[in-house]
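# Remarks on the overall topology
The lines below spell out each chain.
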Protein chains: 2
Amino acid sequence: MKKEIPYKIYLEENELPKAWMNLRAYMDKKPAPLLNPATLQPMTKEELSQVFCEELVKQELDDTTKMIEIPQEIRDFYKMYRPAPLVRAYCLEKALGTPAHIYYKFEGNNTSGSHKLNSAIAQAYYAQKQGLKGVTTETGAGQWGTALSMACSYFGLDCRVYMVKVSYEQKPFRREVMRTYGANVTPSPSTTTAVGRKILEEFPGTTGSLGCAISEAVEAATSMDGYRYVLGSVLNQVLLHQSVIGLEAKAALDKYDVKPDIIIGCAGGGSNLGGLIAPFMAEKLEGKADYRFIAVEPASCPSLTRGKYAYDYCDTGKVCPLSKMYTLGSGFIPSANHAGGLRYHGMTSTLSELYAQGLMEARAVEQTSVFEAAEYFARVEGILPAPESSHAIRVAIDEAVKCKETGEEKTIVFGLTGTGYFDMVAYEKFHDGKMSDYIPSDEEIGKALAKLPNV
Amino acid sequence: MKKEIPYKIYLEENELPKAWMNLRAYMDKKPAPLLNPATLQPMTKEELSQVFCEELVKQELDDTTKMIEIPQEIRDFYKMYRPAPLVRAYCLEKALGTPAHIYYKFEGNNTSGSHKLNSAIAQAYYAQKQGLKGVTTETGAGQWGTALSMACSYFGLDCRVYMVKVSYEQKPFRREVMRTYGANVTPSPSTTTAVGRKILEEFPGTTGSLGCAISEAVEAATSMDGYRYVLGSVLNQVLLHQSVIGLEAKAALDKYDVKPDIIIGCAGGGSNLGGLIAPFMAEKLEGKADYRFIAVEPASCPSLTRGKYAYDYCDTGKVCPLSKMYTLGSGFIPSANHAGGLRYHGMTSTLSELYAQGLMEARAVEQTSVFEAAEYFARVEGILPAPESSHAIRVAIDEAVKCKETGEEKTIVFGLTGTGYFDMVAYEKFHDGKMSDYIPSDEEIGKALAKLPNV
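On a predicted model such as this, the values are computed, not experimentally measured, just so you know.

### Some details on the overall build of chain A
Of the regular secondary structure elements, chain A holds 18 helices and 15 strands. In terms of overall size, chain A behaves like a compact globule, its C-alpha atoms giving a radius of gyration of 21 Å where 455 residues would be expected to give roughly 23 Å. Principal axes of the C-alpha set define a box for chain A whose edges measure 65 × 50 × 45 Å. Taken over 455 residues, chain A has a buried fraction of 65%. Across chain A, every contact between residues at least 6 apart in sequence was considered, and the portion connecting residues at least 24 apart equals 76%. Only carbon and sulfur atoms are counted for the fraction: they give 50% of the accessible area of chain A, which is about 16,100 Å². Of the charged side chains in chain A, 49 are positive and 55 negative; the average position of the first set lies 1 Å away from that of the second.

Okay, structure coming up:
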């Protein structure tokens, strides 16, 4: 007899993952390496170590070790907010009248409000272990900056966040949370870096961009003794740390002998989706089980569904290494959109390669339909979702409705990466009917793709 | 051998309380009854039923039934966000270097952000069961309005919230969360009620007050067919529903054979503290165990520590029944303060009577020291607390530091009622050194107390 499944499955503390899963190690054909923008040769350990912490560089380059131990100090921190619950969406199923079984892994029950903390604490730990004074980073929507502030506060590291100026001004609450954790938050572009000063001179009154904030954070890290730069998505190391999401989700499902049919996640840089699918995709790669995976992206920034699989710059300023990925071109400027965490022109190389191999599907959804799903979900499941996460909710609902039509009792798992408490301006626009959808034209995307580097 | 205590103790779903605890039923000397403001006679069931739902009136007046069953529909809703974790504050203990063992019951892991949802869902359930169309209420800081919106959305009830105008304007995000749940939010005073129009005529440009919002909500409820008024604190029924906090906390402690020495909670109207202490106080009243209880209030609104135990009006407008309670006088206007949930001139009658009998202690703390504790807690425990909850944190830390001095290994439990995501304006003031403390003079309190009704 099957055990009755509770509304929320919590693992016991001693069931928490003791090692991260390195998905690349399960792939026969590996993701392509990062290239040095000057030499177009693969980035070496030495080159990467000038910008990143040593242990993190090791993780970045390791594509053969399947499981990498989570240091005890990080596991102790994880215990403060993990295990995250795997929720059986009984109320959503009932409201939809679907025979599908829906589960979501909820990563929003921590003060940073999202899954970003899983990697932030790991990166802060290695920085402290290396004896560094502090780290620098950029933040757009603010989730990553908040998570890193919390992590640095825990390990006594200085944390310098370059926050895109428009966000700094429009999201003062995010900024205050970071200050509560002792972080130094600077609106970017700023006069504290050469690149910031140059941009301000060229474009006085600019409200900044993520590309510019990255450049400032990298300059700050490399020009100060005892500092390194850290990043919250796209990198291999980040996917590694985020595998804790998928490992917990799978352990919770295994406890009740549940095997998912479809696994869904939103995808910006790919850190959440890469983490969620890791152990399931590993089984698929090993031929042990089959699953459908769906990456959901905004129709306004459709790197997987309309981009090209090619080497491209990771940042607008073209100072970072090149990565082979699905990209819309580093010059592509996504329209203003309330899922700030998904406005990235590329996609982490691992997910790009899996998608290229046909192991994963992708779907692009429009903003208003995402907020319709978000509000519906909030009302029936009682959790106010982040706009990013709501992309996954949209497709999970669509798939559950299909099951209603066909009568299939599929099991759907999706990632609920965070809460929307700091996104109420977006909800307000939605309520007031002022939210718009934007789909870039083929011409617009073609123009940006035409400028891809010739590698 | 004692079991090792995890960072977070979660009850299993089948261990969730099946009945609420009615603390008054354990008291030999009962709290005094509510009085009709016109006749000064105890309010009857019939009188109360004109304003409140029938089943809730029954609960309000019942001071003999010890345990009252939680209807299955409410228990199903509770499963969406309960059990709430009882957290062992290992990191806080370590940071303080105290031999004390500190636990907190965290009620902030739901979208309303506080414990208010525990009673909101019960009140909405009974309203729907009675066949009502909807309910009206007032909200100041916004937690209660948010919780009620979620509850009404779940049961398909119309929800009309009168929000103090200054909060409506300063907390647009709270308002948007309520709108997400389909609530109708009106800034008070408004032109939708006679009392609102009268106040606006008398005081054009007023930013409103809780007293005024209550009057508007009561008028709206009693002038529309199929509506009743609901309230989020002070009432006996609310303490009853909030006992779920204490019952869960005690069950979690019992699992690990832990007996607390000191139990601490913030106290505004008293709903959180009354709920947290219920099963422990019941044991104390029965002579089965002894505990110290500490109610923490703001020094700017010190009803227990500096008020008088007397019959007083529950609202500024003097339209509601009189309650015997510790009060600063219904005309006392607390200074602006960032713990909006604690700015109430009185205290629920049950806690007042327990305090009068010497079964509970009280302590008043100043605002800046509360925010110092809040920030310290956020950094070491990773949860950004609400200003209200931070009053309890302040005293929990103070008691833990005393243990460090004396070497005593006491067990301290406190209630962490909610998160501070919507209170970042207050944190900003604190960071910028712009936060002030205010302690009312004896003269000021004496003036308000001189106007107590002559009962």
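Once the structure has been displayed, the description carries forward.
### Remarks on the sheet that holds strand β11 (residues 292–298) of chain A
Residues and elements named next belong to chain A. Judged by pairing direction, the sheet is mixed, and its 7 strands sit side by side in the order β1-β4-β5-β15-β10-β11-β14 without closing on themselves. Unpaired on one side and paired on the other, β1 (8–9) and β14 (361–365) mark the two borders of the sheet. Its contacts with the sheet put helix α15 (residues 367–381) on β4 (86–88), β5 (101–106), β14 and β15 (411–416), and the angle it makes with β14 is roughly 95 degrees.

### Notes on the packing of aromatic side chains
Evaluation of the coordinates by the stated rule reveals 39 aromatic pairs over all chains. Arranged with centres 3.7 Å apart and planes meeting at 15 degrees, the rings of Tyr10 of chain A and Tyr10 of chain B form a pair that is stacked. In this pair, Tyr10 of chain A is assigned in the loop between β1 and β2 (19–21) and Tyr10 of chain B in the loop between β1 (8–9) and β2 (19–21), connecting two distinct chains. According to the relative accessible area criterion, Tyr10 of chain A is buried, its value standing at 15%. Relative to Phe155 of chain A, the ring of Tyr125 of chain A has its centre 5.8 Å away and its plane inclined at 55 degrees; by these criteria the two rings are tilted.

### A few points about the domain arrangement of chain A
Residues and elements named next belong to chain A. Under the domain assignment, chain A is made up of domain 1 (18–71 + 116–236) and domain 2 (82–113 + 239–449). Averaged C-alpha coordinates put domain 1 and domain 2 at centres separated by 22 Å. Taken together, the connections running from domain 1 to domain 2 amount to 3 salt bridges. Among the ionic pairs, Lys171 bridges to Asp423, the shortest N-O distance being 3.4 Å. Counting every contact that joins domain 1 to domain 2 gives 18 residue pairs in polar contact (both at pLDDT 80 or more). Put simply, the parts of the chain that give the side of domain 1 that touches domain 2 at least two residues each are β2, α2 (54–61), β3 (67–69), α5 (117–129), α6 (143–155), α8 (172–180) and α10 (210–223).

### A few points about the side chain of Thr136 of chain B
Mapped onto the fold, Thr136 of chain B is located in strand β6 (residues 134–139). If we ignore the near neighbours within four places in the chain, the residues touching Thr136 of chain B are Arg160, Ala217, Val218, Ala220, Ala221, Met224, Tyr227, Arg228, Tyr229 and Val230 of chain B.

### Description of the packing of helix α9 (residues 194–202) of chain B against helix α10 (residues 210–223) of chain B
Residues and elements named next belong to chain B. Two numbers describe how α9 lies on α10: the axes approach to 8 Å, and their chain directions differ by 145 degrees. Two secondary-structure elements touch here, α9 through Ala194, Val195, Gly196 and Ile199 and α10 through Cys212, Ser215, Glu216 and Glu219. Counted by class, the contact of α9 with α10 contains 4 nonpolar, 2 polar and 2 charged residues.

### Some remarks on the relation of the copies chain A and chain B
One chain copy maps onto the other through a rotation about an axis and a shift parallel to that axis. Mapping chain A onto chain B calls for a screw motion: a turn of 180 degrees about the axis and a shift of 0.0 Å along it, with 0.0 Å RMSD after fitting. On this basis, the relationship between the two copies can be described by a two-fold rotation axis. Of every C-alpha in chain A, the one belonging to Asn109 of chain A sits nearest the axis of rotation, 3.1 Å from it. The overlap is high: 100% of the interface residues of chain A also sit at the interface in chain B, so the same surface is used on both sides.

### Here's the deal with the environment of Val135 of chain A
All names here are of chain A. Here Val135 shows up in strand β6 (residues 134–139). Considered as a pair, Val135 and Val161 are 26 residues apart in the sequence and their alpha carbons are 8.6 Å apart. Setting aside anything within four residues of it in sequence, one finds Val135 in contact with Ala127, Leu148, Cys152, Asp158, Cys159, Arg160, Tyr227, Arg228 and Val230.

Reading the values: the criteria
- Residue positions are given per chain, counting from 1 as you read along its sequence in written order.
- Just so you know, chain letters begin at A and ligand numbers begin at 1, following the order they were written in.
- Given that this is a predicted model, residues contribute local features only at a pLDDT of at least 70 and side-chain atom pairs are listed and counted only at 80 or more, while totals for whole chains, interfaces and linings are drawn from all residues.
- Working from all heavy atoms in the structure, the side-chain values ignore hydrogens and water.
- Helix and strand definitions follow DSSP, with helices as H or I runs of at least four residues and strands as E runs of at least two, each counted in order from the N terminus.
- As a reference, a globule follows 2.2 Å times the number of residues to the power 0.38, and the radius of gyration itself is taken over C-alpha atoms.
- In this scheme, a residue with accessible area under 20% of its type's maximum is buried, one over 50% is exposed, and one in between is partly exposed, where area comes from a 1.4 Å probe on protein chains only.
- The contact criterion used throughout is that any non-hydrogen atoms of two residues lie within 4.5 Å.
- Using a 1.4 Å probe, accessible areas were evaluated by the Shrake-Rupley method; residue-level cover was limited to the displayed protein chains.
- Asp and Glu are treated as the negative residues and Lys and Arg as the positive ones, with His and the ends of the chain left uncounted.
- Working definition for charges: the position is that of NZ of Lys, CZ of Arg, CG of Asp or CD of Glu.
- A pair of strands is considered paired only if DSSP assigns at least 2 bridges between the two.
- Note on method: axes are straight lines fitted to C-alpha atoms, helices fitted across the in-contact stretch only, with angles between N-to-C directions ranging 0 to 180 degrees.
- Stacked, tilted and edge-to-face pairs are distinguished by plane angle, under 30 degrees for stacked and over 60 for edge-to-face with tilted covering the rest, among Phe, Tyr and Trp rings (Trp via its six-membered ring) whose centres lie within 6.5 Å.
- For the domain bounds, the source is a domain assignment made automatically or taken from a database.
- The term salt bridge refers to a pairing of a side-chain nitrogen on Lys or Arg with a carboxyl oxygen on Asp or Glu at a separation within 4 Å.
- Definition of a polar contact: a pair of N or O atoms within 3.5 Å, with one able to donate and the other able to accept a hydrogen when the atoms are protein atoms, and with sequence-neighbouring residues admitted only if both atoms are side-chain atoms.
- Gly falls in the polar group here, along with every residue not listed as nonpolar (Ala, Val, Leu, Ile, Met, Phe, Trp, Tyr, Cys, Pro) or charged (Asp, Glu, Lys, Arg).
- When the copies are superposed, the least-squares fit takes in the C-alpha atoms of residues with a pLDDT of at least 70 in both.

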